[in-house]
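# Survey of secondary and tertiary structure
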Amino acid sequence: MSADPSSRSAGRSPDRPSMPVSVKVAVGVLAALALLLLFSGVVSLALRDSIVDGFLEAQPDLERAEVDQFVLIGLVRDIAVGLLCAAAALFLPQRRRWARWAGLLGALFLGALTVVSMVTAGGLSPFTLLLVVLCAAAATSLLARTTTEWLPPVARRPG
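Small disclaimer: the values here were computed from a predicted structure and weren't measured.

## Notes on the overall build of the protein chain
Of regular secondary structure, the protein chain possesses six helices and zero strands. Reading the secondary structure of the protein chain in the N-to-C direction produces α-α-α-α-α-α. Burial analysis of the protein chain (159 residues in total) assigns 31% to the buried set. Split by element, the accessible area of the protein chain, about 10100 Å² in all, is 67% carbon and sulfur.

## Section: unusual backbone geometry
In the Ramachandran plot, Arg-95 falls in the positive-phi region, its phi being about 65 degrees despite a non-glycine side chain. On the accessibility criterion, Arg-95 (16% relative accessible area) is buried.

## Let's talk about the packing of aromatic side chains
Counted under the stated rule, the structure contains two aromatic pairs. Each ring, one from Phe-55 and one from Phe-70, has its centre 5.7 Å from the other, and the planes form 85 degrees; the classification is edge-to-face. You can see Phe-55 sitting in helix H2 (residues 48–58) and its partner Phe-70 sitting in helix H3 (residues 64–91), a full 15 residues away along the chain. Relative accessible area serves as the criterion here: at 54%, Phe-70 is assigned to the exposed category. Look at Phe-91 and Trp-98: their rings are 5.2 Å apart centre to centre, the planes differ by 45 degrees, and that puts the pair in the tilted class. Over the aromatic face of Trp-150 sits the side chain of Arg-95, whose NZ or CZ is 5.2 Å from the ring centroid.

## Overview of the side chain of Arg-95
Among the structural elements, Arg-95 can be located in the loop between H3 and helix H4 (97–121). For Arg-95, the side chain forms a polar contact with the main-chain oxygen of Trp-150, separated by 2.3 Å.

## Quick word on a nonpolar patch on the surface
The grouping of Phe-39, Val-43 and Leu-47 at the surface amounts to a nonpolar patch, some 280 Å² of accessible area in total. You can see Val-43 is positioned in helix H1 (residues 21–46).

## Here's the deal with the packing of H1 against H3
Running from N to C, H1 and H3 point in directions that differ by 155 degrees, and their axes come no closer than 8 Å. As far as their axial angle goes, H3 and H1 are roughly antiparallel. In this structure, H1 meets H3 at a crossing whose hand is left-handed. Along its contact with H1, which presents Val-27, Leu-30, Ala-31, Leu-33, Ala-34, Leu-37, Leu-38, Ser-40, Gly-41, Ser-44 and Leu-45, the element H3 presents Leu-75, Asp-78, Ile-79, Val-81, Gly-82, Leu-83, Cys-85, Ala-86, Ala-88 and Ala-89.

Calculation criteria
Residues numbered from 1 in each chain as written. Predicted model: local features only at pLDDT ≥ 70, side-chain atom pairs only at ≥ 80, totals over all residues. Heavy atoms only, no water. Helix = DSSP H or I, 4+ residues; strand = E, 2+ residues; numbered from the N terminus. Buried < 20%, exposed > 50% of the residue type's maximum accessible area, 1.4 Å probe, protein only. Areas by Shrake-Rupley, 256 points an atom, 1.4 Å probe, with all protein chains shown as cover. Phe/Tyr/Trp six-rings, centres within 6.5 Å; stacked < 30°, edge-to-face > 60°. Lys NZ or Arg CZ within 6 Å of the ring centre and 35° of its normal. Polar contact = N/O pair within 3.5 Å; in protein donor to acceptor, adjacent residues only side chain to side chain. Patch = residues over 30% accessible without salt bridge, like charges linked within 9 Å, V, L, I, M, F, W, Y side chains within 5 Å. Salt bridge = Lys/Arg side-chain N within 4 Å of Asp/Glu carboxyl O. Axes fitted to C-alpha atoms, helices over the stretch in contact; angles between N-to-C directions. Parallel < 35°, antiparallel > 145°, perpendicular 65-115°, else oblique. Left-handed = near helix turned anticlockwise from the far one by under 90°. Contact = heavy atoms within 4.5 Å.

Below, the structure written as structure tokens:
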């Protein structure tokens, strides 16, 4: 056996290049976003009545049904984007091109929504700052040239 580490294949085939750092970062960040969003969705579901009561205490002129609908929409949004990010994190290492676009869509949507909510709320919390940083890291990694080159080329249809 050769002492040269480059001579060992480590289970890699020539048609399956090693995963670049940009893809590893994207997978990790997408997984973190998925965990945060799914956890937030589950907690919001469990504490839905308390959250609605808190909104109503802060703004008593609002209708309960209106606030409940707002909270429910946020909960569904968090779970949907969390599942999208989770799917992207799971399938990007399998070199699925759609996973790159799904992750990019989830990260850009969540990042834009978070920035808009920060501006309209007039404040910045540590959680929203974390979301913006993670979304920027995911989008940057997914748009990196090394990520694009690592994914298989688009199959051309004959004809």
